Amino acid sequence: MQVATSRRLIDELNIETELEHVYYFCYEANFRDTGSENELCHVYLGVVTDPVRPNDSEIAAIRFVSPAELGVELANHPEHFTPWFKQEWEELQTNYREQLERYCDPA
């Protein structure tokens, strides 16, 4: 899985970095009128120090936000996020907070 994840970072974001596998989860969820997902997801954390250059055939846009900013946005506009992202973020906040905090900028 580590090799595949590293390959996807290069393919999708044009970056290489060390990753820590945190956990995996299964989900099944409908998403608006666009369909549904039923997948096994592995969650990794890492630090990006090089410029991120998304592959525009894979990713429409990226942005960096703090965990606090993300929490506010999730509370105010949950409709902007997929069900599986909300599930993943809740799990990180609840059961993997110490690991997550090691990767967060204290500013």
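Further up the page is the structure itself.
Just so we're clear, the structure is a prediction, and the values are computed from it rather than from any experiment.

(A) Quick peek at the packing of aromatic side chains. If you walk through the whole model with that rule in mind, you get six aromatic pairs. A centroid spacing of 5.2 Å and a plane angle of 20° characterise the contact between tyrosine 27 and tryptophan 84, whose relative ring orientation is stacked. On the criterion of sequence distance, the pair formed by tyrosine 27 in strand S1 (residues 19-31) and tryptophan 84 in helix H3 (residues 83-95) is long-range, its members being 57 residues apart. When its relative accessible area of 6% is taken as the criterion, tyrosine 27 is described as buried. Through successive ring pairs, a cluster of aromatic residues spans Tyr23, Phe25, Tyr27, Trp84 and Tyr96.

(B) Representation of the pattern of salt bridges in the model. Applying the stated criterion across every chain, the model contains six salt bridges. Taking the shortest distance from any N to any O, the salt bridge between arginine 8 and aspartate 11 comes out at 3.2 Å. Separated by three residues within a single helix, arginine 8 and aspartate 11 lie in helix H1 (residues 2-13), roughly one turn from each other. Since its relative accessible area comes to 33%, arginine 8 is described here as partly exposed. Given the relative accessible area of 33%, aspartate 11 is considered partly exposed. When the shortest N-O distance is used, the salt bridge between arginine 63 and glutamate 73 registers 2.8 Å. Note that arginine 63 is positioned in the loop between strand S2 (35-46) and helix H2 (67-76) and glutamate 73 in helix H2, a separation of ten residues in sequence. Each of Arg8, Asp11, Glu12 and Glu58 takes part in one network of salt bridges that share partners.

(C) A look at the side chain of glutamine 99. Its place among the elements puts glutamine 99 in helix H4 (residues 97-102). Taking the relative accessible area as the measure of exposure, glutamine 99 reaches 17% and is therefore buried. Only 2.7 Å separates the side chain of glutamine 99 from the side chain of glutamate 20, close enough to count as a polar contact.

(D) Fine view of the nonpolar core. In terms of nonpolar packing, the biggest core is built from 16 residues, with Tyr23, Phe25, Tyr27, Trp89 and Leu92 touching the most fellow members. Only S1, S2, H2 and H3 provide two or more residues apiece to this core. Among the elements that line this core, the one with the most residues is S1, at six residues. By size, the runner-up hydrophobic cluster in this structure holds six residues, among which are Leu9, Ile15, Leu19 and Tyr44.

(E) Structural view of H1. For H1, with twelve residues, the first-to-last C-alpha span of 16 Å sits near the 16 Å given by 1.5 Å per residue. When H1 is considered as a whole, its buried residues turn out to be Thr5, Leu9 and Leu13. All buried residues of H1 project into a common sector of 45° when viewed along the axis, lining one side. Turning to H1, the residues buried within the fold contact S1 and S2. Once H1 finishes, asparagine 14 follows within two positions and takes phi at roughly 60°, a positive value.

Rules used in this analysis
Residues numbered from 1 in each chain as written. Predicted model: local features only at pLDDT ≥ 70, side-chain atom pairs only at ≥ 80, totals over all residues. Heavy atoms only, no water. Phe/Tyr/Trp six-rings, centres within 6.5 Å; stacked < 30°, edge-to-face > 60°. Helix = DSSP H or I, 4+ residues; strand = E, 2+ residues; numbered from the N terminus. Buried < 20%, exposed > 50% of the residue type's maximum accessible area, 1.4 Å probe, protein only. Salt bridge = Lys/Arg side-chain N within 4 Å of Asp/Glu carboxyl O. Polar contact = N/O pair within 3.5 Å; in protein donor to acceptor, adjacent residues only side chain to side chain. Core = buried A, V, L, I, M, F, W, Y, C linked by side-chain atoms within 4.5 Å. Expected span 1.5 Å × (residues − 1). Arc of directions from axis to C-beta. Contact = heavy atoms within 4.5 Å.

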